Amino acid sequence: MQENSETFYHNLPNGVRLVVRRIDSPVVYVGVMVGVGTRDELPTENGMAHYIEHCVFKGTERHTARQIINSIEGIGGEINAYTTKEETTFYAATLPEHLRRTLRLLAEMVLRPTFPKHETDKELGVIFDEIESYNDSPSELIYDDFEGMLFDGHPLAMPILGTKKTLRNIGSSSAYPQQWMRLHYRAERMVVFCQGSIAPERFFRLAEREFGGVGVGENPSCNPAGNLRETRDRPATAPRNRQHISYKRHTHQVHAMLGNIAYPLGHELQLPFYLLNNIIGGGSLNSRLNLRLRESRGLVYTVESTYTPLSDTGYWCTYFACEPEHFDECLRLCNEELEKLCSHPLSEQQVSKALRQLRGQMAIGSLNQENNALAMAKSVLYFGHAPTWAETFEQIAQTTTSQLIKASEEILTPCHLSILTYK
């Protein structure tokens, strides 16, 4: 067992990683993060990871769907899950005295789901509604389409929700998702995490009891679905040429996104670029793009930029929506601001000011214990340790102007950006 401040780590013999952060809180967050997501699917399986996230709530060897809900919600807790391109996470918030019950239920869901067809058929309808809801929201759908454009031909281009066609195939039997889980839900890909007023030794003991039997790198000998292959290595991404694509979506506004491939997790410029993105169009009203497009010109309601680092790649994008007659001006203003960052390096005073702002934002964000717990688990999944927000900020504070110049030139140069529009 290793100790880092109030964060404690332990690896089970089978490779499952455990982490607990001891904080003074009346609530415990506990969960399982699995390093499996949409990019691990074949095209014919698109939507499988998200389907599993939904359907493990529908029944296990020991619990019905109603019992799963009542087991946590009935004691005032909350249970949730989500899927990304690279991870699937199941977690709950509860009182410390219910930790054992909660961890046991999560283990049952992740390790022993039964996918009862009378329940999963109903859940397919729920997922179909989720897909249609997404299609009705261009400000959300454009992110999927932009990823599809940037990573065209790669599994990262596939939508997390899948398609109705692939989902009908996935839901045709309980054997298919169970087989997929046996292939992918392996011990070395799991992080079991906890945050709250809990003794680390107690959590480690409970977690080992529930997850100590997870298999390592299982390769199924049978193939009931007919299209599963043996252990899959994630294919590497390839550089893409700049693209300009426009879709007819019959929206009242033009929705636009411009961006580029960016740095992966752990890259030496990941944190400097995180700071740079916050300056450009992060969540503050004084971001450069918000000041230029909204405050100075009144051309948009929303303009924001997002940096998404992944395990071996990443991407950066800026989104805005405007009246059709303002699109050309908005695009020009965005490009001008980006060009300015590339050609006019930030002064030390500007970097210091940006760091001061980011420090306050991160301190406020640290009050969200749910996000803290999930960030801790993801950090352990990819790096084996989980720095606190203050420790992460200290790393960001080492950013140099030369790093910001390099990141600007490599990622933000307007002539290198791809553009996607809904008109």
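Everything that follows concerns the structure shown earlier in this document.
Remember, predicted model here, so these are calculated numbers, not experimental data.

Examining the state of the cysteines
- Applying the stated rule across the entire model yields 0 disulfides.
- This cysteine, Cys 322, is not joined by any disulfide, and Cys 330 carries the nearest cysteine sulfur, 4.0 Å off.

A few points about the side chain of Thr 413
- Tracing the backbone through its elements, the reader meets Thr 413 in the loop between helix H15 (401-412) and strand E12 (418-422).
- Apart from the residues lying within four places of it in its own chain, the contact partners of Thr 413 are Cys 342 and Ser 408.

Topic: the pairing of strand E10 (residues 303-309)
- Side chains of E10 alternate between two faces, with Val 303, Ser 305, Tyr 307 and Pro 309 buried and Glu 304, Thr 306 and Thr 308 left unburied.
- Connecting E10 to the antiparallel partner strand E11 (residues 314-322) that follows it, the hairpin turn spans 4 residues.

Observations concerning the pairing of strand E4 (residues 28-34)
- With 7 of 7 residues buried, E4 lies mostly within the body of the structure.
- The side-chain alternation of E4 yields two buried faces, one formed by Val 28, Val 30, Val 32 and Val 34 and the other by Tyr 29, Gly 31 and Met 33.
- Note that E4 and strand E6 (residues 88-94) share 7 bridges and pair antiparallel. In the strand pairing of E6, Gly 31 is matched with Tyr 91.

What about the nonpolar core?
- Grouped together as the largest cluster of nonpolar side chains are 53 residues, with contacts concentrated most on Val 16, Tyr 51, Ile 52, Tyr 185, Val 192, Phe 203 and Phe 211.
- For this core, the element with the highest residue contribution is helix H3 (residues 99-111), accounting for 7 residues.
- Judged by nonpolar contacts, the second largest core, of 43 residues, contains Tyr 263, Val 300, Cys 342 and Met 362.

Regarding the environment of Lys 164
- With respect to the helices, strands and loops of the structure, Lys 164 is situated in helix H6 (residues 164-170).
- Among the residues examined, Lys 164 registers a relative accessible area of 29% and is labelled partly exposed.
- Once the C-alpha coordinates of Lys 164 and Glu 210 are considered, the two residues, 46 residues apart in sequence, prove to be 35 Å apart.
- Setting aside its immediate chain neighbours within four residues, Lys 164 contacts Phe 128, Ile 131 and Glu 132.

Brief notes about the packing of aromatic side chains
- Counted by the stated rule, this structure contains 10 aromatic pairs.
- Geometrically, the ring pair formed by Tyr 247 and Tyr 422 is tilted, given 6.4 Å between the ring centres and 35 degrees between the ring planes. One end of the pair, Tyr 247, is in strand E8 (residues 244-247); the other, Tyr 422, is in strand E12, with 175 residues separating them in the sequence.
- Here Tyr 422 falls in the buried class, since its relative accessible area comes to 0%.
- Measuring from ring centre to ring centre gives 5.8 Å for Tyr 263 and Phe 273, while their planes differ by 85 degrees; the resulting arrangement is edge-to-face. Taken together, the positions of Tyr 263 in the loop between strand E9 (254-261) and helix H9 (270-281) and Phe 273 in helix H9 put the pair 10 residues apart, joining distant regions of the chain.
- By relative accessible area, Tyr 263 is classed as buried at 5%.
- Accessibility expressed as a relative area gives 0% for Phe 273, which makes it buried.
- The structure contains a cluster of three or more aromatic residues connected by ring pairs, namely Phe 146, Phe 151 and Tyr 315.
- Geometry around Phe 128 places Lys 164 over its ring, the cationic atom sitting 5.6 Å from the centre.
- The residue whose ring lies beneath Arg 249 is Tyr 422, and the NZ or CZ to ring-centre distance is 4.9 Å.

Criteria and thresholds
Residues numbered from 1 in each chain as written. Predicted model: local features only at pLDDT ≥ 70, side-chain atom pairs only at ≥ 80, totals over all residues. Heavy atoms only, no water. Disulfide = S-S within 2.5 Å. Helix = DSSP H or I, 4+ residues; strand = E, 2+ residues; numbered from the N terminus. Contact = heavy atoms within 4.5 Å. Buried < 20%, exposed > 50% of the residue type's maximum accessible area, 1.4 Å probe, protein only. Pairing = 2+ DSSP bridges. Core = buried A, V, L, I, M, F, W, Y, C linked by side-chain atoms within 4.5 Å. Phe/Tyr/Trp six-rings, centres within 6.5 Å; stacked < 30°, edge-to-face > 60°. Lys NZ or Arg CZ within 6 Å of the ring centre and 35° of its normal.

In short, geometric facts, not functional conclusions.
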